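# Commentary on secondary and tertiary structure
Chain residues, written in single-letter form:
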Amino acid sequence: MFKRVALFLATNLAVLVLLGLVMSVLQNVFGVTLGNNGALLLFAAVFGFGGAFISLAISKWMAKRSTGMHLITQPRNEGEAWLVNTVRRQAEAAGIAMPEVGIYDAPEINAFATGPSRNNALVAVSTGLLRSMSRDEAEAVLAHEVSHVANGDMVTMALIQGVLNTFVIFLARVVGRAVDAALSGNRDGGTGPFYFLIVLVLDLVFGVLASVVAMWFSRWREFRADAGGARLAGREKMIAALQRLAQTYGQSTLPNEVRAFGISGAVGFGLKKLFMTHPPLAERIQALRDMPASM
């Protein structure tokens, strides 16, 4: 928890520093002023969406690098051949291009999908999953991940994050100017000595609220991917896979860059549930059982 807070603080401070540098260059070199809210909103959108889409563009590269996975370009054994053939069959059924398939070394049962588009994606499973799950259960997990790709969840998440980033940057500075003016008595539109401290605090507060919205969408897309997995592999297989996942649920050695895309999430109670990327397993299983038989 403390590492996450420290990372959050460091990230927001880095954004502030970068914003300050760019503003200085725009104002002092090019004579551009960002005093009006329209220009500030445009500037915030460039930063907000820029960061989100850069992360999306390099998502596959980051996943490969951070997990040290083995990409299956030519299956070395029957197990790898089964993985590739299963993903290919599911991708064809879902109407997407064949994703890359990889295996990464991790003790827990987990898998994830990532990539910049539906037709340029990566599906990876952990060695723990391959050791612990039956073929039927693993098939359902792969179907869940292929459904994430087919649903365009990575792109949608980037769009939502871009919107949230934009409004965090924009609102923190608009509200910061107003609070600073009230505290310092500065009414000429400039900024006083408290401005940057106020903006830093507001970045944190609005960033936390934005995270609640992003995590709500993340949990919703897990229900949708479970439903997609049930359609591709069968409802009973999907339920069995989630029940098996309970053996190591809450454990994840995935890097933060791709953790939200894993099938296994953290366990949280009370207010902590608002910041969870995945719903509780019991709720996911019940949602599958409540699905109409026609689906």
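Thresholds, definitions, all that
Position labels on residues start from 1 in each chain and follow its written sequence. Per-residue local features are limited, in this predicted model, to residues with pLDDT of at least 70; the limit for side-chain atom pairs, both in listing and counting, is 80 or more; totals at the level of whole chains, interfaces and linings are taken over all residues. Only heavy atoms go into the side-chain values, all of them from the structure, while hydrogens and water stay out. As a rule, the C-alpha atoms of each element are fitted with a line to give its axis, helices using only the stretch in contact, and angles between N-to-C directions run from 0 to 180 degrees. We count a stretch as a helix when DSSP gives it H or I for four or more residues in a row; a strand needs E for two or more, and each element gets its number in order from the N terminus. Angles are sorted into four bins: roughly parallel if under 35 degrees, roughly antiparallel if over 145, roughly perpendicular if 65 to 115, and oblique for all others. Each helix crossing is assigned a hand: it is left-handed if the near helix lies turned anticlockwise from the far helix by less than a right angle, otherwise right-handed if that turn is clockwise. Any pair of residues with heavy atoms lying within 4.5 Å of one another is described as a contacting pair. Three classes are used, and their members are as follows: Ala, Val, Leu, Ile, Met, Phe, Trp, Tyr, Cys and Pro are nonpolar, Asp, Glu, Lys and Arg are charged, and the others, Gly among them, are polar. Strands pair, by our definition, only if DSSP identifies at least two bridges between them. Here, the term nonpolar core denotes a set of buried Ala, Val, Leu, Ile, Met, Phe, Trp, Tyr and Cys residues that are joined through side-chain atoms within 4.5 Å. Think of it in three bands: residues with accessible area under 20% of the maximum for their type are buried, residues over 50% are exposed, and the middle band is partly exposed, with areas taken using a 1.4 Å probe on protein chains only. Each patch is built from salt-bridge-free residues with over 30% relative accessible area, joining like charges within 9 Å and nonpolar side chains (Val, Leu, Ile, Met, Phe, Trp, Tyr) within 5 Å. Each accessible area is a Shrake-Rupley estimate made with a 1.4 Å probe; only the visible protein chains count as cover when residues are assessed. Between Lys or Arg on one side and Asp or Glu on the other, a salt bridge is scored when a side-chain nitrogen of the former is within 4 Å of a carboxyl oxygen of the latter.

## Here's the deal with the packing of helix H8 (residues 195-233) against helix H11 (residues 281-289)
- Running from N to C, H8 and H11 point in directions that differ by 45°, and their axes come no closer than 10 Å. Between H8 and H11, the angle falls in the class oblique. Here H8 runs over H11; the crossing is right-handed. Each of Glu222, Phe223, Asp226, Ala227 and Ala230 in H8 lies in contact with H11, whose residues at this interface are Glu283, Arg284, Ala287 and Leu288.
- Partitioning the contact of H8 with H11 into residue classes produces 5 nonpolar, no polar and 4 charged.

## Some remarks on the environment of Met215
- Within the secondary structure, Met215 is located in helix H8.
- Setting aside anything within four residues of it in sequence, one finds Met215 in contact with Met157, Leu274, Phe275, Met276 and Thr277.

## Details of the sheet that holds strand S3 (residues 111-117)
- Sheet architecture is open: 4 strands sit in the order S1-S2-S4-S3, paired in mixed fashion. With partners counted over all chains shown, the strands left at the sheet margins are strand S1 (70-71) and S3, one partner each.
- Note that S1 and strand S2 (residues 100-104) share 2 bridges and pair antiparallel. Residue pairing for S2: Leu71 is matched across the bridge by Gly102.
- Helix H3 (residues 59-67) rests against S1, S2, S3 and strand S4 (120-126) of the sheet, and its axis sits at about 145° to S3.

## A few points about the nonpolar core
- With 40 residues, the main nonpolar core has Leu83, Val125, Leu129, Leu142, Met238, Leu242 and Leu288 as its most contacted residues.
- When residues in this core are grouped by element, the largest group, 8 residues, is from helix H6 (residues 135-150).

## So, a nonpolar patch on the surface
- Taken together, the side chains of Leu41, Val163, Phe167, Leu171, Val175, Val179, Leu183 and Phe194 present a nonpolar region at the surface, about 630 Å² in accessible area.
- Among the elements that make up the nonpolar patch, the one with the highest residue count is helix H7 (residues 153-184) (6 residues).
- Inspection of the secondary structure puts Val163 in helix H7.

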